[in-house]
Each structure stands twice: as structure tokens, then as C-alpha cells.
Amino acid sequence: RPRVLSGMQPSADSLHLGNYLGALVNWVKTQDEYDAFFFIPDLHAITVPHDPAQLRERTRRTAAQYIAGGIDVERSTLFVQSQVPEHAQLAWVLNCITGFGEAARMTQFKDKSAKAGQEAASVGLFTYPVLMAADILLYQPQGVPVGDDQRQHVELARDLAQRFNHRFGETFTVPEALIQKEGARIYDLQEPTSKMSKSASSPNGLINILDDPKVTAKRIKSAVTDADTRVAYDRQAKPGVSNLLEILSTISGTPVARLVEEYEGRMYGHLKADVAEAVVARIRPIRDRTLELLDDTAELDRLLAHGAAKARETAAATLSAVYDNVGFLRSG
Ligand code: TYM
């Protein structure tokens, strides 16, 4: 079977609706057709200042949300990045074939380092996309299901795979980003021209999977719209309303154009109430199941250790080929 691989950072207490609709829903679907690998990139999470106890907690929370959201640990391989040392080992080799300027062009680095202040940003943050390329290339996947904002990073992984293969002989599969149209970009409820993100300026712009459903409904009902009253889809002129339509469409499976017809002559309040109801109905069972899984961390840790052992079989084989091909003397 063809293979896919993807991951989400454990950098918040909860996944948000963008992670869920833009990525996780897509991952769950791939499990039927693909040999799927999903992991928690905790090495990536320390590229910005962090708290150790919180990282451990968030790593478990993220894993629990993957499972509650539909990742089947029997069919797919679920693991924590730092438990598979080959990620860091391959990252070093790839760092050595990545141009300084090439890394400096990554837009996510530019955004994040601008926020931290150029001087304060870590070298780890700079080389983050190279570690991400290592994550991907170790498993030789054909596809990488991500939201639109990760497209540039997957492009870098492709470039590095091709460059390595060209210099040192065929070693890596050249992967492709799998970006579904629906939900590829969910926007902030309060600032509907920025993507929904854990680093949002106000928590009210975020829909978190693990929030109390009452809080979620309230945030959706207070979403920023516009001074007009007509429900219509127009990303430029009506970003708030368009985001709500997009969310409802992704969850219900009803095309945006059909929704626009249905809401003709009705007020924004109706749309917001329906979005709130649909979102809560979708995420409530995931929240409940996540909290159940977090009640038994020993069992969760055991599942993750099993996943890491499975992942290492593939990762070690790729790394071994890489080490041979770059000319490292092997110990036998
Ligand atoms: P991260 O943790 O920022 O995001 C996880 C996934 O959620 C998607 N996403 C969104 N989709 C739609 N609308 C949004 N507002 C939104 N916000 C986030 C992202 O596109 C992503 O698919 N660098 C990666 C993590 C990573 C990774 C990897 C991914 C590390 N190694 C290897 C794939 C393969 C990241 O920070 O994603």
C-alpha cells in the first residue's frame, strides 16, 4: 500500500478547529487507502521557549486527541518523534545539504522569528523545516496530508529528497503534499483574515477541541462579521461570514453555494447558531473520548511506546541507507 505521514505540534493544551478540519479529518480518511504514520513532533516543540512538565502533558493530550479524532492505532502507526532517534540523526545529514539562503526563505521561520525578535530566535527554529523534511523522508511516504500553511515545508522536503538522490544515489521517495480543498484554511473568528492559530492575539478567535462546548458556542456566536446583512461567500469583502460558511460546509458536507441559497433572506444570527450547533455536535464526542483516554496515561504511554518501536523499523532502514550512501564508516 502507498504510504502517508503527518504530524501536529504539541504546542497547546488543545488542538484547534484548523488542526482538526485542515489536517486530522484528512488523516483519518487516508487510513483506508494508505499505510499511515502519524506522530507528535515534540522535537519541533522545543524550537521556541517551553516548559518541560507542560510539554509532557501536551504530548499526551495531542496523542489522545489523534486517537479520539479517529486515528486507529491498530491500522496506523502512532508515535512520539523524540522516541525515534533517527529523526534527529537524519536531520543533521539534511542540514548539510540545505542552503542557508534556502532555509532563510521559509515563511513560517520569517513570521515566527519576527515575533521572537531576530536575535532571540533559536538556531533550532531556523532549521525546523529541515527536521520536518527528515520526519517525512525517513518513512518514504508518497503523500503528506497537511493544511495549506505547510505547503512550503513539504516543497523543501521534495527538493532535499531530489538533491540527495542526485548527489548520493536513489535513496528517498519524493513526497507530495496532500491538501484537501475543504477546511485547508480555517480563519480566526475575531480576525478572519488571519489563519486560526494557537498564537492568536485573542483566545476568543479560537475554537479548541477540548474547550467546554458552552465556551465554543459562545465564541462562534460572537464571531466578527461585517456591517452588511446578506449571507454571501466573498473572501475579500466578507471574510468573517465566508469563514463561517466554510466551517459549516466542511462539517456538514453541504457545498458553500447550497448553503448560501439556504440562508437567503436570513440573518447572520441564524447562520452563527447553526455553525455553533454543528461544531459542538462534531467535537463533543472527541472531547469526551480524549478526556477518557487521559484518565489512563499508563495505557496511553504503552500505546505510544509500541508505535515508536514499529516506526523505528522503517526509520532505521532508511537511515542506514543514508549513512552508507554519504560514506560513513559503519560499525557492522
Ligand atoms: P502545526 O502543528 O502548526 O499544524 C498541524 C496541522 O494543522 C494544519 N493547520 C491548519 N489547517 C487549516 N486551517 C488552519 N487555520 C490551520 N492551522 C494549522 C497544518 O497545516 C498542519 O497540517 N510543521 C508542522 C508539524 C510537522 C509536520 C512534520 C507535519 C512537523 N513535522 C512532518 C507533516 C509532516 C506544524 O507545525 O504543524
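Reading the values: rules and limits
Residues numbered from 1 in each chain as written. Predicted model: local features only at pLDDT ≥ 70, side-chain atom pairs only at ≥ 80, totals over all residues. Heavy atoms only, no water. Helix = DSSP H or I, 4+ residues; strand = E, 2+ residues; numbered from the N terminus. Rg over C-alpha atoms; globule rule 2.2 N^0.38 Å. Buried < 20%, exposed > 50% of the residue type's maximum accessible area, 1.4 Å probe, protein only. Salt bridge = Lys/Arg side-chain N within 4 Å of Asp/Glu carboxyl O. Near = heavy atom within 4 Å. Polar contact = N/O pair within 3.5 Å; in protein donor to acceptor, adjacent residues only side chain to side chain. Areas by Shrake-Rupley, 256 points an atom, 1.4 Å probe, with all protein chains shown as cover. Nonpolar A, V, L, I, M, F, W, Y, C, P; charged D, E, K, R; others polar. UniProt positions renumbered as here; feature names shortened; annotations may be inferred. Contact = heavy atoms within 4.5 Å. Axes fitted to C-alpha atoms, helices over the stretch in contact; angles between N-to-C directions. Parallel < 35°, antiparallel > 145°, perpendicular 65-115°, else oblique. Left-handed = near helix turned anticlockwise from the far one by under 90°. Expected span 1.5 Å × (residues − 1). Arc of directions from axis to C-beta. Bend = angle between axes of the 7 residues up to and from the residue.

A. Structural view of the overall build of the chain. Secondary structure summary: the chain contains 13 helices and five strands in total. Taking 2.2 N^0.38 as the reference for a compact globule, 332 residues should give roughly 20 Å; the C-alpha atoms of the chain span a radius of gyration of 21 Å, in line with that estimate. With the C-alpha coordinates of the chain rotated into their principal frame, the extents come out at 75 × 45 × 40 Å. Across the 332 residues in the chain, those meeting the buried criterion constitute 51%.

B. Quick look at the pattern of salt bridges. In total, this model carries 20 salt bridges according to the counting rule given. Between Glu 299 and Arg 302 there is a salt bridge, with the nearest N and O atoms lying 3.1 Å from each other. Highlighted residues: Glu 299 and Arg 302, both in helix α13 (residues 297-326), separated by three residues, approximately one helical turn. Overall, Arg 302 belongs to the partly exposed group, its relative accessible area being 49%. Taken together, the shared-partner salt bridges connect Asp 226, Asp 228, Arg 230 and Lys 238 into one network.

C. Summary view of the site of the ligand. Inspection of the region around the ligand gives 29 residues, with Gln 9, Tyr 128, Asp 135, Asp 149 and Ile 186 positioned closest. The separation between a nitrogen atom of the ligand and a polar main-chain atom of Gly 18 is 3.1 Å. With the chains in place, 97% of the 720 Å² that the ligand exposes on its own is no longer accessible. At the level of secondary structure, the elements contributing two or more residues to the shell around the ligand comprise β1 (3-7), α1 (17-30) and α7 (123-137). Residues of the shell around the ligand, tallied by class, amount to 13 nonpolar, 11 polar and five charged.

D. Main features of the UniProt feature "binding site: L-tryptophan" (unreviewed entry) in the chain. Under the UniProt annotation, the feature "binding site: L-tryptophan" (unreviewed entry) is placed at Asp 135. Judged by its relative accessible area of 2%, Asp 135 falls in the buried class. With sequence-adjacent residues up to four places away left out, Asp 135 is seen in contact with Leu 5, Phe 39, His 44, Gln 81 and His 87.

E. Region of the structure containing the packing of helix α9 (residues 213-221) against helix α12 (residues 268-293). Where α9 contacts α12, the two axes come as close as 9 Å, and the packing angle between them is 155°. By the angle between their directions, the pair α9 and α12 is classed as roughly antiparallel. The handedness of the crossing between α9 and α12 comes out as right-handed. For the pair α9 and α12, the contacting residues are Pro 213, Thr 216, Ala 217, Ile 220 and Lys 221 in the first and Lys 272, Ala 273, Val 275, Ala 276, Val 279, Val 280, Ile 283, Arg 284 and Arg 287 in the second. A breakdown of the residues in the contact of α9 with α12 according to their chemical character gives nine nonpolar, one polar and four charged.

F. Layout of helix α8 (residues 151-168). Taking 1.5 Å of rise per residue, 18 residues should cover 26 Å, and α8 covers 26 Å from first to last C-alpha, within 8% of that figure. Among the residues making up α8, those that are buried are His 153, Val 154, Leu 156, Ala 157, Leu 160, Ala 161, Phe 164 and Asn 165. The buried residues of α8 all sit within an arc of 165° when viewed along its axis, so they share a single face. Opposite the buried face of α8, at more than 90 degrees from it, the exposed residues are His 166 and Arg 167. After α8 finishes, the residue Gly 169 shows a positive phi value of roughly 100°.

G. Representation of α1 in the model. If you check α1, its first and last C-alpha atoms are 19 Å apart, about what 14 residues at 1.5 Å a residue would give, namely 20 Å. The principal kink in α1, of about 35°, is found at Leu 24. For α1, a buried count of 12 out of 14 residues is recorded, marking the element as mostly surrounded by other parts of the structure. Of all the positions in α1, only Leu 17, Gly 18, Asn 19, Tyr 20, Leu 21, Gly 22, Ala 23, Leu 24, Val 25, Asn 26, Trp 27 and Thr 30 are classed as buried.

H. Representation of the environment of Asp 226. Mapping Asp 226 onto the fold places it in the loop between α9 and α10 (239-252). Between the alpha carbons of Asp 226 and Val 241 there is a distance of 7.8 Å; along the sequence they are 15 residues apart. Among residues more than four places away in sequence, those in contact with Asp 226 are Ala 237, Lys 238, Val 241 and Tyr 268. In terms of polar contacts, Asp 226 uses its side chain to reach the side chain of Lys 238, at 3.3 Å. A polar contact of 2.5 Å, which involves the side chain of Asp 226, links it to the side chain of Tyr 268.

I. Layout of the packing of α1 against α12. Following both chains from N to C, one finds α1 and α12 inclined at 75°, their axes separated by 13 Å at the closest point. Taken as axis vectors, α1 and α12 run roughly perpendicular relative to one another. Of the residues in α12, those in contact with Leu 17, Tyr 20 and Val 25 of α1 are Val 279, Arg 282, Ile 283 and Ile 286. Of the residues belonging to the contact of α1 with α12, the class tally is six nonpolar, no polar and one charged.

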